[in-house]
Amino acid sequence: MSKPYPAQISAQSESEVLIRYGEQLELQRHYQYTDMKLIGALGQLHPVIELSDDARIEFHSALPEWFNYSTKKVQHSIWKFERSPGLILFSVIFVITFAISLVKWGVPATSHYLAFQLPENTLKKLGDEAENYVLNNWTAPSQLAQTQKDQITKQYLNTVAENKPAKLVFRKGDQLGANAVALPNNTIIITDELIKLAHTNQEILGVLAHEQGHLVYRHSLQQGLTSLGLSILYIAMTGDNSDLFTSLPAAMIGANYSRKFESEADLYALQLMDRKHIEVSHFANFLQRLSDTTEEGIDKKNQANPPTSQEESSANKLSTAVLDALSSHPATEERIRMVHDFEKKQKGAQNNL
C-alpha cells in the first residue's frame, strides 16, 4: 500500500496544474485536467482527484476557486446541497409532490392522449384480447332465450347506438356477476344476471347507454394505459417487474373505472336517454337495485362468516373505511343524486320554454 504524503497543488495554466508532494514537498509532478477524474464530495467526505498514474489527491476542504475541472461547480453544488438540511427537506417535499402530480395528473393525461392516437387496428387487437380474456376466464355461455337477446339488440340499435353501433355479446356472469363491460374493439359484454336484475327494458337501455359512453370516450383503454404507466413507474422505483406479467388487456377490464370516467359515462347515458325521451329515473332505479343486491350479498356473507372476535370486527370496519376513503369510484348514492339533479334540471328547462 502506498504511503500518503502531504501535497500542495497550484495552477500552471488553464489546462495544467503542478503538484508538490513529499515530507518537505521536495517532489513534483505536472498533470493535465484531462488526466484527472473528480470524485465529488459526499456528506462529510471531501473531494478526491484520481490521476492517470493511479495516484490520488485527497482534499481537506472544497476545491480551490481557480481549479478548472469541468464538472467542479456541479459537484460542489451537489456537495453543498447534501450538507444543507433545508435543501434536503425541500427536495423531499418536491419529489413527493412531483410523484403525486405524476400519478394523479401526468399518467392519466398521457393515457388520454395515447388512447385517441392509437390506430383502429390496434384498438381492435387489444379489445379482442380483452374480450377473449372475459369469455374464457370470467364468464360462461349465456342462458337467455335467443328471442330476448334479439329484442335487446334491436332496441339497442334503434335507441342507443346512434350511428356508432357496438357488438353486443351476451354471457352468463359467473365471476363477472351482474355487470356490463365496454371494450376497445367496440364490443359491449352484458351478463344474464344484469338483465334478470332489470325490471324494464328502459333500465337495460340505460345501462347500455352508460357502456356506450365508455366506448365513445375510450375509458377502458385509458384505464389500461394508466395501469400500465403506473406499473412502469413502480418498476422504475423498485426494480420489481413482476407486475408486468399482468397484461394490458387484463388491466383494461380488471381495474375499476375512475370517478371521472364513471361520471362522464353516466352523463352521456342521461343525455342520450333524454334525447330519446326515456325517463332517466329508470337508470336511477336500476343503480339503486344493483346497489341493494350487492350490499345484500355482502351482508349475507358476513352473517355466514361472522368475525371471531371484537378486535377482528373492529379491524374489518377500519379496513372498509380505509378502502372507501381511498376509492376513486363514485358511490351509488352520488350517482343516483346526479340522475335526480339532471332530471330536475331538464324539467326546469322544459317549464321555462
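Scroll up a little and you will see the structure.
Because the structure is predicted, anything quoted here is derived from the model rather than measured.

## As for the overall build of the protein
Consideration 1: Each helix and strand counted, the protein has 12 helices and 10 strands in total.
Consideration 2: Looking at the protein as a whole, 35% of its 353 residues are labelled buried.
Consideration 3: For the protein, the proportion of contacts with a sequence separation of at least 24, taken over those separated by at least 6, is 60%.
Consideration 4: Surface accessibility of the protein: about 21800 Å² in total, with carbon and sulfur atoms responsible for 55%.

## What about the sheet that holds strand β6 (residues 56-58)?
Consideration 1: Reading across the sheet, the three strands line up as β4-β5-β6 and stay open at both edges, with antiparallel pairing between neighbours. Edge positions in the sheet fall to β4 (36-39) and β6, since each has one partner strand and no second. Within the sheet, the average angular offset between the axes of one strand and its neighbour, ignoring direction, is 20 degrees.
Consideration 2: Direction of pairing for strand β5 (residues 48-51) relative to β6: antiparallel, over a ladder of three bridges. Note on β6: the bridge partner recorded for E50 is R56.

## Describing the pairing of strand β3 (residues 27-32)
Consideration 1: Taken together, the six bridges between strand β2 (residues 16-21) and β3 define a ladder with antiparallel strand orientation. From the neighbouring strand, I19 faces β3, where its bridge partner is R29.

## Focus on the sheet that holds β3
Consideration 1: Across the sheet, three strands lie side by side as β1-β2-β3; this open sheet has antiparallel pairing. Where the open sheet ends on each side, the last strands, each with one partner, are β1 (7-11) and β3. The average undirected angle you get between the axes of adjacent strands in this sheet is 20 degrees.
Consideration 2: Bridge analysis of β1 against β2 gives five bridges, and the strand direction is antiparallel. Among the inter-strand pairings, S10 is bridged to a residue of β2, identified as L18.

## Quick word on the nonpolar core
The tendency in soluble globular proteins is for nonpolar side chains to be buried side by side.
Consideration 1: Counting residues in each nonpolar core, the largest one holds 36 residues, and the members touching the most others are Y156, F170, I188, I190, I195, I204 and L208.
Consideration 2: The biggest single contributor to this core is helix α6 (residues 201-216), with six residues.
Consideration 3: Ignoring sequence-local partners within four residues, the contact set of I188 consists of Y156, A166, K167, L168, V169, V181, L208, E211, Q212 and L215.
Consideration 4: In terms of nonpolar packing, the next biggest core, distinct from the first, is built from 13 residues, Y33, M36, L38 and F67 among them.

## Considering helix α4 (residues 146-160)
Consideration 1: Between its first and last C-alpha, α4 extends 20 Å over 15 residues, near the 21 Å set by a 1.5 Å rise per residue.
Consideration 2: For α4, the complete set of buried residues consists of K149, I152, Y156, T159 and V160. Seen end-on, α4 carries its buried residues on one side only, within an arc spanning 120 degrees. With respect to the buried face of α4, the exposed residues turned more than 90 degrees away are T147, K154 and N158.
Consideration 3: Buried-residue contacts for α4 involve β8 (167-172), β10 (187-191), α5 (192-197), α6 and α9 (259-275).
Consideration 4: Once α4 ends, the next one or two residues include E162, with phi positive near 50 degrees.

## Quick word on the pairing of β2
Consideration 1: Hairpin connection from β1 to β2: four residues lie between these consecutive antiparallel strands.
Consideration 2: Turn length for the β2-β3 hairpin, with the two strands adjacent in sequence and antiparallel, is five residues, and the turn residue G22 shows positive phi of about 115 degrees.

## Re a nonpolar patch on the surface
Consideration 1: Among the surface-exposed residues, F90, F94, V95 and F98 lie close enough to one another that they form a single nonpolar patch of about 460 Å² accessible area.
Consideration 2: By the secondary structure assignment, F98 is in helix α2 (residues 85-115).

## Concerning helix α3 (residues 120-138)
Consideration 1: In a regular helix each residue adds 1.5 Å, so 19 residues correspond to 27 Å; α3 covers 26 Å between its end C-alpha atoms and thus fits that length.
Consideration 2: Taken together, the buried positions of α3 are L123, L126, G127, A130, E131, V134 and W138. The arc enclosing the buried residues of α3, seen along the axis, measures out at 140 degrees, which places them on a common side. Residues of α3 that are exposed and point over 90 degrees away from its buried face: N121, K125 and N136.

## Let's talk about the packing of α6 against α9
Consideration 1: One can describe the packing of α6 onto α9 by two numbers: an axis separation of 8 Å at closest approach and a directional angle of 125 degrees. In terms of orientation, α6 and α9 fall into the oblique class. You can see that α6 and α9 cross each other, and the crossing is right-handed. Each of Q202, G206, A209, H210, Q212, G213, H214 and V216 in α6 lies in contact with α9, whose residues at this interface are F261, E262, A265, D266, Y268, A269, L272 and M273.
Consideration 2: In terms of residue class, the contact of α6 with α9 is built from eight nonpolar, six polar and two charged.

Parameters and conventions
Residues numbered from 1 in each chain as written. Predicted model: local features only at pLDDT ≥ 70, side-chain atom pairs only at ≥ 80, totals over all residues. Heavy atoms only, no water. Helix = DSSP H or I, 4+ residues; strand = E, 2+ residues; numbered from the N terminus. Buried < 20%, exposed > 50% of the residue type's maximum accessible area, 1.4 Å probe, protein only. Contact = heavy atoms within 4.5 Å. Areas by Shrake-Rupley, 256 points an atom, 1.4 Å probe, with all protein chains shown as cover. Pairing = 2+ DSSP bridges. Axes fitted to C-alpha atoms, helices over the stretch in contact; angles between N-to-C directions. Core = buried A, V, L, I, M, F, W, Y, C linked by side-chain atoms within 4.5 Å. Expected span 1.5 Å × (residues − 1). Arc of directions from axis to C-beta. Patch = residues over 30% accessible without salt bridge, like charges linked within 9 Å, V, L, I, M, F, W, Y side chains within 5 Å. Salt bridge = Lys/Arg side-chain N within 4 Å of Asp/Glu carboxyl O. Parallel < 35°, antiparallel > 145°, perpendicular 65-115°, else oblique. Left-handed = near helix turned anticlockwise from the far one by under 90°. Nonpolar A, V, L, I, M, F, W, Y, C, P; charged D, E, K, R; others polar.

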